[in-house]
Amino acid sequence: MATVRSATWETASARTLALDIPDWPGHLPGQHIDIRLTAEDGYQAQRSYSIASAGPGPVEISVQRLEDGEVSPYLTDVVEAGDQIEVRGPVGGWFVWRSESTAPVTLVAGGSGIVPLMAMIRARGLAAGRQPFRLIYSVRTPADVIYAEEIRRRAVSDPGLDVHFVYTRAVPDGWPAPPARISVATLNTHGWPPDFEPDCFVCGPTSFVETAADILVALGHDPKRIRTERFGG
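Not measured: the values here are computed from a predicted model.

Asks: Mind showing me how you'd approach the overall build of the protein here?
Replies: When helices and strands are tallied, the protein shows five helices and eleven strands. By the compact-globule yardstick of 17 Å for 233 residues, the protein fits well, its C-alpha radius of gyration being 18 Å. Taken along the three principal axes of its C-alpha coordinates, the protein extends 55 × 40 × 30 Å. Considering only contacts within the protein whose residues lie at least 6 apart along the sequence, 69% involve residues at least 24 apart.

Asks: Help me understand the sheet that holds strand β9 (residues 161–167), please; the structure alone is not making it clear to me.
Replies: In sheet architecture, strand pairing relies on hydrogen bonds along the backbone and comes in two forms, parallel and antiparallel. A sheet is described by the order of its strands in space; here five strands give the open sequence β9-β8-β7-β10-β11, paired in parallel fashion. Unpaired on one side and paired on the other, β9 and β11 (226–231) mark the two borders of the sheet. In this sheet, neighbouring strand axes are inclined to one another by 10 degrees on average, regardless of whether the strands run parallel or antiparallel. Each of β8 (133–139) and β9 is contacted by helix α3 (residues 148–157), which is oriented at about 140 degrees to β9, the strand it contacts most.

Asks: Explain the pairing of strand β1 (residues 2–9) to me, please; I cannot follow it from the model alone.
Replies: Across a regular strand the side chains alternate sides, sitting on one face of the sheet and then on the other. One ladder, built from two bridges, connects β1 with strand β6 (residues 84–91); its direction is antiparallel. Following the sheet pairing, Thr3 is matched in β6 by Gln84. Alignment of β1 against strand β2 (residues 14–20), held across six bridges, turns out to be antiparallel. By the bridge assignment for β2, Thr8 is matched with Thr16.

Asks: Before we go on, may I ask you to explain the sheet that holds β6 in this structure?
Replies: In spatial order, the strands read β4-β3-β6-β1-β2-β5; together these six strands make up an open sheet with antiparallel pairing. Each edge of the sheet is formed by a strand with only one pairing partner; in this case those strands are β4 (44–50) and β5 (59–64). Each adjacent strand pair in this sheet contributes to an overall mean axis angle of 40 degrees, direction not counted.

Asks: Is there a simple way to explain helix α2 (residues 114–126) in this structure?
Replies: Residues that lie three or four places apart on an α-helix share one face, since the helix turns once every 3.6 residues. The end-to-end C-alpha distance of α2 is 18 Å, a good match for the 18 Å that 13 residues give at a rise of 1.5 Å each. With eleven of its 13 residues buried, α2 lies for the most part within the structure. For α2, the full list of buried residues reads Ile114, Val115, Pro116, Leu117, Met118, Ala119, Met120, Ile121, Arg122, Ala123 and Arg124.

Asks: Help me out: how do you make sense of the pattern of salt bridges in this one?
Replies: Once their charged atoms are close, side chains differing in charge can pair, the charge on each being opposite to the other. Within the structure shown, the criterion is met by 14 salt bridges. Linking Glu67 and Arg65 is a salt bridge whose minimum nitrogen-to-oxygen distance equals 3.6 Å. Residue Glu67 is classed as exposed on the basis of its relative accessible area, which comes to 66%. Glu210 is paired through a salt bridge with Arg230; the nearest N and O atoms lie 3.4 Å apart. Residue Glu210 is located in helix α5 (residues 206–218), and its partner Arg230 is located in strand β11; the two are separated by 20 residues in the primary sequence. Residue class for Glu210 comes out partly exposed when judged on its relative accessible area of 40%. Each of Glu60, Arg122, Glu150 and Arg154 takes part in salt bridges that share partners, so that together they form one network.

Asks: I'm lost on the nonpolar core in this one. Help?
Replies: In a soluble, globular protein the nonpolar side chains are often hidden away together inside. If you look at the biggest cluster of nonpolar residues, it comprises 29 residues, and the most contacted ones within it are Leu107, Ile114 and Tyr137. Put simply, the parts of the chain that give this core at least two residues each are β7 (105–110), α2, β8, α3, β9 and β10 (199–205). The element that contributes the greatest number of residues to this core is α2, accounting for seven residues. Aside from chain neighbours lying at most four places away, what touches Tyr137 is Ala109, Gly111, Ile114, Asp144, Val145, Ile146, Ile151, His164, Phe165 and Val166. Ala2, Leu17, Ile51 and Val87 belong to the second-largest nonpolar core, a separate cluster that totals 19 residues.

Asks: Hey, could you run me through the environment of Leu37 in this one?
Replies: Among the secondary structure elements, Leu37 is positioned in strand β3 (residues 32–38). Judged by relative accessible area, Leu37 falls into the buried class, the value being 17%. On a C-alpha basis, the gap between Leu37 and Tyr74 in space is 9.2 Å, while along the polypeptide they are 37 residues apart. Discounting chain neighbours no more than four positions away, the residues touching Leu37 are Tyr43, Gln44, Ala45, Glu70, Val71, Tyr74 and Ile85.

About the cut-offs
- Chains are numbered independently. Their residues run from 1 in the order of the written sequence.
- Selection of residues for local features in this predicted model requires a pLDDT of at least 70, selection of side-chain atom pairs for listing and counting requires 80 or more, and totals for whole chains, interfaces and linings are taken over all residues.
- Each side-chain value is derived from all of the structure's non-hydrogen atoms; neither hydrogens nor water enter the calculation.
- The helix count covers DSSP runs of H or I at least four residues long, the strand count covers runs of E at least two residues long, and both are numbered beginning at the N terminus.
- Only the C-alpha atoms count toward the radius of gyration. The rule for a globule is 2.2 Å times the residue count to the power 0.38.
- Contacts: residue pairs with any heavy atoms within 4.5 Å of one another.
- A strand pair is defined by DSSP finding two or more bridges across the two strands.
- Angular values range over 0 to 180 degrees, each being the angle between N-to-C directions of two axes fitted as lines to C-alpha atoms, with helices fitted over their stretch in contact.
- One less than the number of residues in a helix, times 1.5 Å, gives the span that helix is expected to have.
- Only protein chains enter the accessibility calculation, which uses a 1.4 Å probe. A residue is then buried if its area is under 20% of the maximum for its type, exposed if over 50%, and partly exposed in between.
- Salt-bridge detection follows one rule: a side-chain nitrogen of Lys or Arg within 4 Å of a carboxyl oxygen of Asp or Glu.
- In this description, a nonpolar core means a group of buried Ala, Val, Leu, Ile, Met, Phe, Trp, Tyr and Cys residues linked to one another through side-chain atoms lying within 4.5 Å.

Shown next as structure tokens:
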């Protein structure tokens, strides 16, 4: 069982939970945990949530509320510090970034797909890694950016991290382009070129991930270097 240490709102619909998990063995950035809730009548619901944190300390997850969800509304609107949650993990060994890799990295996130990619950014920071990272983050509006302050701070303070936002519904004041979806031009301009042989990590809703992965392949990236994780139907 995990004990909730803290619960912090990231946006109006996304909340970060810091969990104290006894005998936690550590994890790789990109892994996830399974959370299982049990109702009073015995009904159980289980969902997987990517780990946002890196290194020692509490295990953090960031949960985006789905209005028709069975688990996310409870985690965003009900859970408080001191509550206990049944967890299993860490889980996963393919969609992970390892700090010993020297390849440049392109990260492509859609909405809450930023969570495991943020773990990779944080892990690189902890290791003082020299691998150049480029993050392309697609959200509906500026208010929907999870970890907004931290991402902007890291982009300013870390010359090895480039960040580009894609806004699909509304843009910030002074933004040089109207709202748009991720495109060939986006990934060609703001991702690493295939000649650099980057590792590419793409996470987000299924349709977003399929579109981004197809574009990367069309641009000439090695499919073996494109790792994807998706959620939703």
